[in-house]
Amino acid sequence: AQRVTQPEKLLSVFKGAPVELKCNYSYSGSPELFWYVQYSRQRLQLLLRHISRESIKGFTADLNKGETSFHLKKPFAQEEDSAMYYCAGVDNYGQNFVFGPGTRLSVLP
Amino acid sequence: DAGITQSPRHKVTETGTPVTLRCHQTENHRYMYWYRQDPGHGLRLIHYSYGVKDTDKGEVSDGYSVSRSKTEDFLLTLESATSSQTSVYFCATNENTGELFFGEGSRLTVL
């Protein structure tokens, strides 16, 4: 079965420190992977997707097929990065999106 | 923002009563989804729709039904609400672009 895991429920870092939110997936075939973010009192929104290979708000994520991982990284965390982050995957058919349990990132001043 | 609105945004009800949540979109997206968000579980798919009158079950569909009589509306019904259905419910849409657009969520409390 398709599955996305995020081992950390809560991650706290100080402002300016590097941050890495972990995501692992279990899929057959070649899934597409995403990171969604939910800021306080806002709706969930797409942060980035692996096929675009772009950096959004300083965040990057590389798909590692050997380790079946899609970790989200940022070299210097900012307080406004505090939010709930969800890793998600979609199968080859492109419509069944599966989400991980989420990691709450808290960036301390 | 894909023009997705959910109603009601907050509801408190009693065990055994029926509840219907509505999702309305203005973007003419083909695919619509209902998720529930619970601590430690993230977002879990309840039901989804791939067109008018075309729906399918998700991971946690027991106790829920859906209907889609128009492209823009996707209704989620709890026939007889239970306390385990206390949750935040999110509607989302997709037009085969790989990006989900979410509503603001509906917080349901079942006493």
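Heads up: these notes are all about the structure in this document.

How each quantity is defined
Residues numbered from 1 in each chain as written. Chains lettered and ligands numbered in written order. Predicted model: local features only at pLDDT ≥ 70, side-chain atom pairs only at ≥ 80, totals over all residues. Heavy atoms only, no water. Buried < 20%, exposed > 50% of the residue type's maximum accessible area, 1.4 Å probe, protein only. Helix = DSSP H or I, 4+ residues; strand = E, 2+ residues; numbered from the N terminus. Pairing = 2+ DSSP bridges. Salt bridge = Lys/Arg side-chain N within 4 Å of Asp/Glu carboxyl O. Contact = heavy atoms within 4.5 Å. Nonpolar A, V, L, I, M, F, W, Y, C, P; charged D, E, K, R; others polar.

### Observations regarding the pairing of strand E9 (residues 87–94) of chain B
Residue and element names in this part refer to chain B.
Then, in step 1: Of all 8 residues in E9, 8 are buried; the element is thus mostly enclosed.
Then, in step 2: The side-chain alternation of E9 yields two buried faces, one formed by Ser 87, Tyr 89, Cys 91 and Thr 93 and the other by Val 88, Phe 90, Ala 92 and Asn 94.
Then, in step 3: Sheet topology note: the E9/strand E11 (residues 106–110) ladder contains 3 bridges and is antiparallel. Residue pairing for E11: Tyr 89 is matched across the bridge by Ser 106.
Then, in step 4: In this structure, E9 lies alongside strand E10 (residues 101–102), joined through 2 bridges in antiparallel fashion.

### Details of the pattern of salt bridges
Then, in step 1: Tallied over the full model, the rule gives 10 salt bridges over all chains.
Then, in step 2: For Glu 20 of chain A, the salt bridge is made with Lys 73 of chain A, and the minimal N-O distance between the two is 3.7 Å. Note that Glu 20 of chain A is positioned in strand E3 (residues 19–21) and Lys 73 of chain A in strand E8 (residues 72–74), a separation of 53 residues in sequence.
Then, in step 3: By relative accessible area, Glu 20 of chain A is classed as partly exposed at 27%.
Then, in step 4: Glu 104 of chain B is the salt-bridge partner of Arg 9 of chain B, the closest N and O atoms lying 3.5 Å from each other.

### Structural notes on the interface of chain B and chain A
Accessible area lost upon the coming together of the parts is a frequently used measure of interface size.
Then, in step 1: With 21 residues of chain B at the contact, the number on the chain A side is 15 residues.
Then, in step 2: The partner of Arg 43 of chain A in a salt bridge is Glu 104 of chain B, with the nearest N and O atoms 3.6 Å apart.
Then, in step 3: Counting residues per element, the ones that place at least two in the side of chain B that touches chain A are strand E4 (31–38), strand E5 (42–51) and E9 of chain B.
Then, in step 4: Looking at the side of chain B that touches chain A, the element that brings in the most residues is E4 of chain B, giving 4 residues.
Then, in step 5: For the side of chain B that touches chain A, the per-class residue count stands at 9 nonpolar, 9 polar and 3 charged.

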